[in-house]
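The lines below spell out each chain.
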Amino acid sequence: MNPQWKKGVLEVVVLAQLAKKDQYGYELSETIHDQMDVTTASLYVLLKRFVNDGLVTTYLVDGGSGPARKYYALTESGKTKCHELIEQWLAFVTNVNTLLK
Amino acid sequence: MNMITTRDEYMTALAMGLKDIDHDGLNDLLNEMDQYFKDGINQGKSEKELCEALGDVDDFIQEFKTMVGNNGVTNHELMVSNDGVSIDVDNGDVTIKMGESFQCNYDPSVFDMISDHDGNNQHIRFESIRKSTISITVVNDLINFLSSSHQIEIVVPGSMHAVNINTENGEIHGDGLTIDTMVLTSKRGDIEIKNSHGLTIECTTQAGDIELVNCDHDDLRFGSNMGDVTIGFNGKTITGQCDLGDIEINGDVNRIDIKDSKGDIDFNGWIHEDSSMTTSLGDIDIKTNDIRIVAKTSLGDIDIDGDYHHGYYQLGNGSATLSLHTSTGDITVDTLD
């Protein structure tokens, strides 16, 4: 798949995954890496950007004996953004499919 | 393509490549990557597989640099949307100021801010504070602030409903505040509030002094074990208790109920409803308007305009009664002009 397409789609995929449930970095990377061939580095960079943009927030959960684990969660504006992107994506796919037929 | 296959090599390459970005942003990323490798290894992945999944480290460095911008400093900004916020800080003095901002901003070069959820509340914790003064801007209905020794400056918006500040050793300073409910607690630090307005203000310290200057609230409650209390206040009620410290009040208040054990009480101003001032060992010195004053002392003198009395004295014709009690101290009463 075209790498630029994947990067564009990664945003909506990550937000949609976090809309399902709060996740920590590795957990999210496994889910996404299984389905999409994008580098995990891109995922972490994207998460940082989402945090900086206020779409995603983080919180720590005590990891028992180990260090606290950082979870990512959607903020209210992240949820709104997620809905917008999913709608845009679905409309885009429908239109492209129509043109390809 | 940089063919790195071990965790240590990857982390080192990442740290070298990003050494120019801000210290905390880098630390944060390295901690995250460290956790990634630990999680992966626990899941049975090899370091090589994990490095491959991350992708070329040079691409990682480039993507990260692009993301944080040319200056290499990440712009951290936390927006707190819940109506309950609790901020815990290890140490410090606290200064509260009025501001316009509607965000909780912080400078990541000064400290790490870690937030987590507890039900509907978001808890924010500051760690690794690297400067003696930090500045935070918060907008919310409620701030709970727990601190024990760095200097914290909080800028609150005009719409602030409640501020709750708790320090161990730190002082609490506030100026020009309009806040419905303020609850300020310090174990050893002083509490100093100037030019504040609101409904309720509560100041409690064990060893610190309390000083309120030009404060205008409906209700003031104070408590101090060893510190002195100095109050310039206009409002409905003042209630408070001291043990060793002196209490000095200037103002116009409907009702005052204060008790001291060993300290003196000094009041200068207007009282409009039944009120009482009691101390066991201290002197009481009153300068007020024409209300009915009942003064009692066991061993001390009562001095009304140079006339000395013992034990019990009553004067004034006002509709309200001010009761003064001391066991061993003197009581002095003057009328305001």
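This one's a predicted model, so the numbers in the text were calculated from it and none came from an experiment.

Cut-off values and rules
Along every chain, residues carry numbers that run from 1 in the direction the sequence is written. Here chains are named by letter from A upward and ligands by number from 1 upward, in the order in which they appear as written. Owing to the predicted nature of the model, reporting of local features is limited to residues with pLDDT of at least 70; listing and counting of side-chain atom pairs is limited to 80 or more, with chain, interface and lining totals taken over all residues. With hydrogens and water set aside, each side-chain value is computed from the structure's full complement of heavy atoms. Working definition: helices are DSSP H or I runs of at least four residues, strands are E runs of at least two. Numbering for both runs from the N terminus. Burial classification: accessible surface area is computed with a 1.4 Å probe over protein chains only, and a residue below 20% of its type maximum counts as buried, one above 50% as exposed, and the rest as partly exposed. Contact criterion: two residues are considered in contact whenever any of their non-hydrogen atoms come within 4.5 Å of each other. Take a side-chain nitrogen of Lys or Arg and a carboxyl oxygen of Asp or Glu: if they are within 4 Å of each other, that pair is a salt bridge. The residues that make up patches have over 30% relative accessible area and no salt bridge, and they are joined within 9 Å when like-charged or within 5 Å when they are Val, Leu, Ile, Met, Phe, Trp or Tyr. Per-residue and other accessible areas were derived by the Shrake-Rupley procedure at a 1.4 Å probe size, with only the shown protein chains allowed to occlude residues. Asp and Glu are treated as the negative residues and Lys and Arg as the positive ones, with His and the ends of the chain left uncounted. Lysine's charge is taken at NZ, arginine's at CZ, aspartate's at CG and glutamate's at CD. Axis lines are fitted to C-alpha atoms, over the contacting stretch for helices. Their N-to-C directions set the angle, which ranges from 0 to 180 degrees. An angle below 35 degrees is treated as roughly parallel, one above 145 as roughly antiparallel, one from 65 to 115 as roughly perpendicular, and anything else as oblique. Handedness of a crossing follows from how the near helix is turned relative to the far one, being left-handed for an anticlockwise turn of less than a right angle and right-handed for a clockwise one. Residues are grouped as follows: nonpolar covers Ala, Val, Leu, Ile, Met, Phe, Trp, Tyr, Cys and Pro; charged covers Asp, Glu, Lys and Arg; every other residue, Gly included, is treated as polar. For every residue, the predictor states its confidence as a pLDDT score lying anywhere from 0 to 100. Along the arc lie the directions from the helix axis toward the C-beta atoms. What makes two strands pair is DSSP finding at least two bridges between them. Only buried Ala, Val, Leu, Ile, Met, Phe, Trp, Tyr and Cys residues count toward a nonpolar core, and they belong to the same one when joined by side-chain atoms within 4.5 Å.

**Focus: the overall build of chain A**
Right, so step 1: A count of helical and extended segments in chain A gives 4 helices and 3 strands.
Right, so step 2: Listing the helices and strands of chain A from first to last along the sequence gives α-β-α-α-β-β-α.
Right, so step 3: By residue count, 44% of the 101 residues in chain A fall in the buried class.
Right, so step 4: Relative to all contacts within chain A whose residues are 6 or more apart in sequence, the contacts with residues 24 or more apart total 47%.

**Regarding the pattern of salt bridges**
Right, so step 1: Applying the stated criterion to the full structure yields 18 salt bridges over all chains.
Right, so step 2: Linking A:Lys79 and A:Glu76 is a salt bridge whose minimum nitrogen-to-oxygen distance equals 3.4 Å. On the criterion of helical spacing, the pair formed by A:Lys79 and A:Glu76 is a turn pair, its members being 3 residues apart in helix α4 (residues 76-100).
Right, so step 3: One salt bridge in this structure joins B:Asp8 and B:Arg7, with 2.4 Å as the shortest N-O distance.
Right, so step 4: Taken together, the shared-partner salt bridges in this structure form one network comprising A:Lys48, A:Lys70, B:Asp28 and B:Glu32.

**Quick look at unusual backbone geometry**
All names here are of chain B.
Right, so step 1: One non-glycine residue with positive phi stands out, namely Asn 195, at about 50°.
Right, so step 2: As for its position among the elements, Asn 195 is in the loop between β13 (191-194) and β14 (197-205).
Right, so step 3: A positive phi angle is found at Asn 214, which is not glycine, with a value near 55°.
Right, so step 4: Among the secondary structure elements, Asn 214 is positioned in strand β15 (residues 210-224).
Right, so step 5: Exposure remark for Asn 214: the relative accessible area of 49% places this residue in the partly exposed category.

**Structural notes on a negative patch on the surface**
All names here are of chain B.
Right, so step 1: A cluster of acidic residues, Asp 209, Glu 211, Asp 228, Asp 246, Glu 248, Asp 264, Asp 266, Asp 283, Asp 285 and Asp 330, forms a negative patch at the surface.
Right, so step 2: Within the secondary structure, Asp 330 sits in the loop between β23 (321-326) and β24 (331-335).
Right, so step 3: The class of Asp 330 is partly exposed, set by a relative accessible area of 34%.

**A look at the packing of helix α2 (residues 25-35) of chain A against helix α3 (residues 40-52) of chain A**
Residue and element names in this part refer to chain A.
Right, so step 1: Where α2 meets α3, the closest approach of the two axes is 10 Å, and the angle between their N-to-C directions is 130°. Accordingly, the angle class assigned to the pair α2 and α3 is oblique. Relative to α3, α2 is oriented so that their crossing is right-handed. Contacts from Gly 25, Tyr 26, Leu 28, Ser 29, Ile 32 and His 33 in α2 reach Thr 40, Leu 43, Tyr 44 and Leu 47 in α3.
Right, so step 2: Counted by class, the contact of α2 with α3 contains 6 nonpolar, 4 polar and no charged residues.

**Let's talk about the confidence of the model for chain A**
Right, so step 1: Here chain A averages 87 in pLDDT, while 91% of its residues score no lower than 70.
Right, so step 2: Within chain A, strand β1 (residues 23-24) of chain A carries the highest mean pLDDT (92), whereas helix α1 (residues 3-20) of chain A carries the lowest (85).

**Things to note about helix α1 (residues 7-17) of chain B**
All names here are of chain B.
Right, so step 1: Every buried residue of α1 is listed here: Tyr 10, Met 11, Ala 13 and Leu 14. Along α1, the residues classed as buried sweep out an arc of 165° about the axis, all on the same side. Away from the buried face of α1 by more than 90 degrees, exposed residues Asp 8 and Met 16 are located.
Right, so step 2: Lining the buried residues of α1 we find α2 (23-42), α3 (47-54) and α4 (57-68).

**With respect to the pairing of β15(B)**
Residue and element names in this part refer to chain B.
Right, so step 1: Looking at chain direction, β13 and β15 are connected through 4 bridges and run parallel. By the bridge assignment for β15, Ile 193 is matched with Leu 212.
Right, so step 2: Where β14 meets β15, 8 bridges bridge the pair, whose relative direction is parallel. By the bridge assignment, Gly 198 is partnered in β15 with His 217.
Right, so step 3: With 12 bridges joining them, β15 and strand β16 (residues 229-242) adopt parallel strand pairing.

**Remarks on the sheet that holds β1(A)**
Residues and elements named next belong to chain A.
Right, so step 1: With antiparallel pairing, 3 strands are arranged side by side in an open sheet as β1-β3-β2. Two strands lie at the open edges of the sheet, namely β1 and β2 (56-61), each paired on one side alone.
Right, so step 2: Relative to strand β3 (residues 69-74), β2 runs antiparallel, the two sharing 6 bridges. By the bridge assignment for β3, Thr 58 is matched with Tyr 72.

**Focus on the environment of B:Phe267**
All names here are of chain B.
Right, so step 1: Tracing the backbone shows Phe 267 in strand β18 (residues 265-271).
Right, so step 2: The sequence separation of Phe 267 and Glu 248 amounts to 19 residues, and the corresponding C-alpha distance is 5.8 Å.
Right, so step 3: Those residues in contact with Phe 267, other than ones at most four positions away along the chain, are Ile 249, Gly 251, Ile 256, Met 277, Asp 285, Ile 286, Lys 287 and Thr 288.

**Quick notes on the nonpolar core**
Right, so step 1: Ranked by internal contacts, the top residues of the largest apolar core, which has 41 residues, are B:Leu212, B:Phe222, B:Ile231, B:Ile238, B:Ile258, B:Met277 and B:Leu324.
Right, so step 2: Apart from residues no more than four positions distant in its own chain, B:Ile238 is found in contact with B:Leu220, B:Phe222, B:Ile231, B:Phe233, B:Ile249, B:Val253, B:Arg255, B:Ile256, B:Asp257 and B:Ile258.
Right, so step 3: In terms of nonpolar packing, the next biggest core, distinct from the first, is built from 31 residues, A:Val45, B:Cys51, B:Phe60 and B:Met67 among them.

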